[in-house]
Amino acid sequence: QMEQALGGKITTKFVESVPEGADAERVIRELASSGHNLIFTTSFGYMNPTIKVAKSFPKVHFEHATGYKTDKNVGIYNARFYEGRYLAGVIAGSMTKSNTLGYVGAFPIPEVLQGMNAFIRGARSVNPKAEMKVIWVNSWYDPGREREAAMTLISQGADVVTHHTDSTAAVQAAEEKGVYAVGYHSDMSKYGPKAHLTAVTHHWGDFYTKTAQDMLAGKLQPANLWGGMKEGMIKLAPISNAVPADVKAKVEQLGKDIVAGKFHPFTGPVKDQSGKERVAAGKVMTDKELGTMDFYVEGIQGQLPKKQ
């Protein structure tokens, strides 16, 4: 999208499947030292390598996705995935017959916990009996483990599964087993024509285009952008015809309310799974609280893994 918008004004290069850690630092350093002026590092674990390399290349501008550390030449950007997750949860809570939802998680970091907690809160807003089981795979992309986790959740009674991981494995497992799924990142309906209820999709193109335009104009400053449905960075994929019209209408209205600032998925009371109140009635969880989220809300079964 950025290339199409800016035509011949820019050239781009990408390196994919870069492991988090030392390899990331090597790749980021190579890009910076070979003449690239604007570098996007697009995984949470690239945060420290990005900050480290940026200090050696003060004239290069870096943008890191989903992190929280900035510098003179490092901006950060993220999307409010949890907004779409809440809406998808409303659909899942309406469609489950077993009242058991399954969630395949990558790593227990705030971004993933926001999505999980929003999903079960959305489900319970329409179905107070809904419960959710979680399996952590400790990887962003491992189709084998993601499939195994989804299959385990389905065997434990989950009849709607979703995932905060990068492959289509969970959706494919749901299709195979005749249960429902909610995709993530992109519309995954072709991998589960019957299973796929919707997907929480992310849209980075406008942000990349504007960032590059600002760079070309010499006015790019490091910023902290956290955009959601209002900014067009989070959208739901088309909702399956299996979902009743009244549920679709409810979700559409909730989406409009989120965009208008009339509704927030973490409006109190918010209680954790032990029943302790984390946000009082009438209050809304702040961005700082969201950014440090380290608990499961009511309705999620099992214990949150301890930080390593």
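Placed above this text is the structure.
None of these values were measured; they are calculated from a predicted model.

Draft legend 1. Expanded view of the packing of helix H6 (residues 143-155) against helix H7 (residues 169-177). One way to put it is that H6 packs onto H7 with a least axis distance of 8 Å and a crossing angle of 40°. Regarding the angle of H6 to H7, the classification is oblique. As H6 packs across H7, the resulting crossing turns out to be right-handed. Listed contacts from H7 to Pro143, Glu146, Arg147, Ala150, Met151 and Ile154 of H6 are Ala169, Ala170, Ala173, Ala174, Glu176 and Lys177. Tallied by class, residues from the contact of H6 with H7 come to eight nonpolar, no polar and four charged.

Draft legend 2. Up close: the environment of Tyr184. On the secondary structure map, Tyr184 appears in strand E7 (residues 180-185). In sequence terms Tyr184 and Gly84 are 100 residues apart; their C-alpha atoms lie 9.7 Å from each other. Excluding residues within four positions of it along the chain, Tyr184 makes contact with Phe81, Arg85, His163, His164, Thr165, Ala199, Val200 and His202.

Draft legend 3. Region of the structure containing helix H9 (residues 245-259). Look at H9: 21 Å from first C-alpha to last across 15 residues, which is about the 21 Å you get at 1.5 Å a residue. Buried within H9 we find Val247, Lys248, Val251, Leu254, Gly255, Asp257 and Ile258. The secondary structure elements touched by the buried residues of H9 are helix H4 (81-95) and strand E10 (234-236). Looking at the residues trailing H9, positive phi occurs at Gly261, about 80°.

Draft legend 4. Just the nonpolar core, in detail. Judged by nonpolar contacts, the single largest core of 52 residues is most densely connected at Met116 and Met132. Elements supplying a minimum of two residues to this core: H4, strand E4 (100-105), helix H5 (110-126), strand E5 (131-136), E7, strand E8 (196-202) and H9. When residues of this core are assigned to their parent elements, the largest contribution, nine residues, is made by H4. Val137, Met151, Ala170 and Val171 belong to the second largest nonpolar core, which has 17 residues in total.

Draft legend 5. Representation of the sheet that holds strand E3 (residues 74-79) in the model. Read across the sheet, four strands follow the order E1-E2-E3-E9 without closing on themselves; strand pairing throughout is parallel. Only two strands of the sheet have a single partner each, and these edge strands are strand E1 (38-41) and strand E9 (224-227). Recorded for the sheet is a direction-independent mean angle of 15° between the axes of neighbouring strands. As defined by bridge partners, E1 adjoins strand E2 (residues 61-65) across four bridges and the pair is classed as parallel. Following the sheet pairing, Phe40 is matched in E2 by Glu63. Running at roughly 155° to E1, helix H8 (residues 205-216) makes contact with E1, E2, E3 and E9 of the sheet.

Draft legend 6. Region of the structure containing the sheet that holds strand E6 (residues 160-164). The strand order across the open sheet formed by six strands is E5-E4-E6-E7-E8-E10, and the pairing between neighbours is mixed. Each of the sheet's edge strands pairs with one partner strand only, and the pair in question is E5 and E10. Across the sheet, the mean angle separating the axes of adjacent strands is 15° when strand polarity is ignored. Both E6 and E7 contribute to a ladder of three bridges, which runs parallel. Residue pairing for E7: Val160 is matched across the bridge by Tyr180.

Conventions adopted
- Residues numbered from 1 in each chain as written.
- Predicted model: local features only at pLDDT ≥ 70, side-chain atom pairs only at ≥ 80, totals over all residues.
- Heavy atoms only, no water.
- Axes fitted to C-alpha atoms, helices over the stretch in contact; angles between N-to-C directions.
- Helix = DSSP H or I, 4+ residues; strand = E, 2+ residues; numbered from the N terminus.
- Parallel < 35°, antiparallel > 145°, perpendicular 65-115°, else oblique.
- Left-handed = near helix turned anticlockwise from the far one by under 90°.
- Contact = heavy atoms within 4.5 Å.
- Nonpolar A, V, L, I, M, F, W, Y, C, P; charged D, E, K, R; others polar.
- Expected span 1.5 Å × (residues − 1).
- Buried < 20%, exposed > 50% of the residue type's maximum accessible area, 1.4 Å probe, protein only.
- Core = buried A, V, L, I, M, F, W, Y, C linked by side-chain atoms within 4.5 Å.
- Pairing = 2+ DSSP bridges.

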